[in-house]
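So you can see what is in the structure, the chains are spelled out below.
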Amino acid sequence: DEELGKHRAAQLDLEEERDTLKQKLSEAQSSLVLQQSQASEVHIQLREASSRNEGLQKERDTFASDVEHLKHAIEQHRQAEKSLRSALEDEQGEVKILIKELEQVKVE
């Protein structure tokens, strides 16, 4: 009888341990499902962020190209302005010479 009691107590302990392990397994499975869901959400967010980043990089590249184009256009404008100022100075010098010649002709 005593042996049977010990055996029954051991069986109850094993059943209790089994139930505890089942509970822990269930909790671990639930935790795993939650972590997988969170990982999936993070993956989606990463893809969205990557896509936004690509769009921003393209936009940045377009702006950089536009800036270079504008710099080139400004430089061309400056060169044209410089050339026109030089031509204007030459014309003004010629006009002064012509005025002096005209005054000399009038004096004679």
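For the structure itself, look to the data block above.
In this text the structure is predicted, and so the values were computed from the model without any measurement.

Trainee: For this particular structure, what's the right way to read the overall build of the chain?
Mentor: Each helix and strand counted, the chain has one helix and zero strands in total. Over its C-alpha atoms the chain spans a radius of gyration of 46 Å, topping by over 25% the 13 Å that the globule rule assigns to 108 residues. Summarising its shape, the C-alpha atoms of the chain cover approximately 155 × 15 × 10 Å along the three principal directions. Every one of the 108 residues in the chain was classed for burial, and the buried ones make up 0%. In the form shown here, the chain has an accessible surface area of approximately 10300 Å², with 55% of it arising from carbon and sulfur atoms. Between the averaged position of the 16 positive side-chain charges in the chain and that of its 25 negative side-chain charges there is a distance of 3 Å.

Trainee: So what exactly am I meant to see when it comes to the pattern of salt bridges here?
Mentor: Pairs can form between side chains of opposite charge once their charged atoms are near each other. Scanning all chains against the criterion turns up five salt bridges. In this structure, Arg18 and Asp19 form a salt bridge, with 3.5 Å as the shortest nitrogen-oxygen distance. Note on Asp19: relative accessible area 43%, which makes it partly exposed.

Trainee: Quick question: what am I supposed to make of a negative patch on the surface here?
Mentor: Residues Glu89, Asp90, Glu91 and Glu94 make up a contiguous surface patch of negative charge. Its location among the elements puts Glu89 in helix H1 (residues 2-107).

The rules we used
Residues numbered from 1 in each chain as written. Predicted model: local features only at pLDDT ≥ 70, side-chain atom pairs only at ≥ 80, totals over all residues. Heavy atoms only, no water. Helix = DSSP H or I, 4+ residues; strand = E, 2+ residues; numbered from the N terminus. Rg over C-alpha atoms; globule rule 2.2 N^0.38 Å. Buried < 20%, exposed > 50% of the residue type's maximum accessible area, 1.4 Å probe, protein only. Areas by Shrake-Rupley, 256 points an atom, 1.4 Å probe, with all protein chains shown as cover. Lys, Arg positive; Asp, Glu negative; His and termini not counted. Charge placed at Lys NZ, Arg CZ, Asp CG, Glu CD. Salt bridge = Lys/Arg side-chain N within 4 Å of Asp/Glu carboxyl O. Patch = residues over 30% accessible without salt bridge, like charges linked within 9 Å, V, L, I, M, F, W, Y side chains within 5 Å.

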